[in-house]
Amino acid sequence: MYKIAVMGDKDSIFGFASVGLSIFPVTEPDETEKTLRRLINEDYAVIFITEKAASGISAEIDKYKSRPLPAIIPIPGVTGNTGIGMSNVSKSVEQAVGSDILK
């Protein structure tokens, strides 16, 4: 059975545990990358990651974009929105449709 994980700074992800999601506090890019790889090997189908954490390992995340699982989804953290999530959505729409219809 597939699972859902949330990665990022503790303050941003702590509340997700109350709705039954597995949380993985990370602070450094090396730790974030190792945790992501571990979650992928442990059959997590959806991995939410704070935009701040994702920005430190963007090359690693890019390796999994063409795979059906896991879905790695950037979310804003408590420090705010950096725009990475919307940028990824925009790129995906442009690839699917042929032009960026979200602008």
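Residues numbered from 1 in each chain as written. Predicted model: local features only at pLDDT ≥ 70, side-chain atom pairs only at ≥ 80, totals over all residues. Heavy atoms only, no water.

Colleague: Give me the lowdown on the pattern of salt bridges, citing residues and values where you can.
Modeller: Summed over all chains, the structure comprises 5 salt bridges. Across the pair Arg-37 and Glu-33 runs a salt bridge whose closest N-O atoms are separated by 2.6 Å. In this pair, Arg-37 and Glu-33 are both assigned in helix H2 (residues 29-41), 4 residues apart and thus about one turn of the helix distant. Taking the shortest distance from any N to any O, the salt bridge between Asp-62 and Lys-65 comes out at 3.2 Å. By relative accessible area, Asp-62 is classed as partly exposed at 42%. (Salt bridge = Lys/Arg side-chain N within 4 Å of Asp/Glu carboxyl O. Helix = DSSP H or I, 4+ residues; strand = E, 2+ residues; numbered from the N terminus. Buried < 20%, exposed > 50% of the residue type's maximum accessible area, 1.4 Å probe, protein only.)

Colleague: Let's hear about unusual backbone geometry: which residues, and what values?
Modeller: In this structure, Pro-70 follows Leu-69 across a cis peptide bond, with omega equal to 0°. Examined against the element boundaries, Pro-70 turns out to sit in the loop between helix H4 (58-62) and strand E4 (71-75). Its identity as a non-glycine residue notwithstanding, Asp-43 has a phi of 65°, on the positive side. Here Asp-43 lies in the loop between H2 and strand E3 (44-50). Residue classification places Asp-43 among the partly exposed residues on the basis of a relative accessible area of 46%.

Colleague: Before we move on, can you summarise the nonpolar core with the specific residues and values?
Modeller: The biggest cluster of nonpolar side chains holds 16 residues, and the ones touching the most others in it are Met-7, Leu-36, Leu-39, Ile-47, Ile-49 and Ile-61. Looking at this core, the elements with two or more residues in it are strand E1 (3-8), H2, E3 and helix H3 (51-55). Setting aside residues up to four positions removed in sequence, Leu-39 forms contacts with Ala-5, Met-7, Phe-24, Tyr-44 and Ile-47. (Core = buried A, V, L, I, M, F, W, Y, C linked by side-chain atoms within 4.5 Å. Contact = heavy atoms within 4.5 Å.)

Colleague: How would you explain the packing of aromatic side chains if you had to name every residue and give the values?
Modeller: Counted under the stated rule, the structure contains 1 aromatic pair. Between Phe-24 and Tyr-44, the aromatic rings sit 5.9 Å apart at their centres with planes inclined by 90°, giving edge-to-face as the arrangement. Here the residue Phe-24 occupies a position in strand E2 (residues 22-25), and Tyr-44 occupies one in strand E3, the gap between them amounting to 20 residues. Summarising the burial analysis for this pair, Phe-24 and Tyr-44 share the class buried. (Phe/Tyr/Trp six-rings, centres within 6.5 Å; stacked < 30°, edge-to-face > 60°.)

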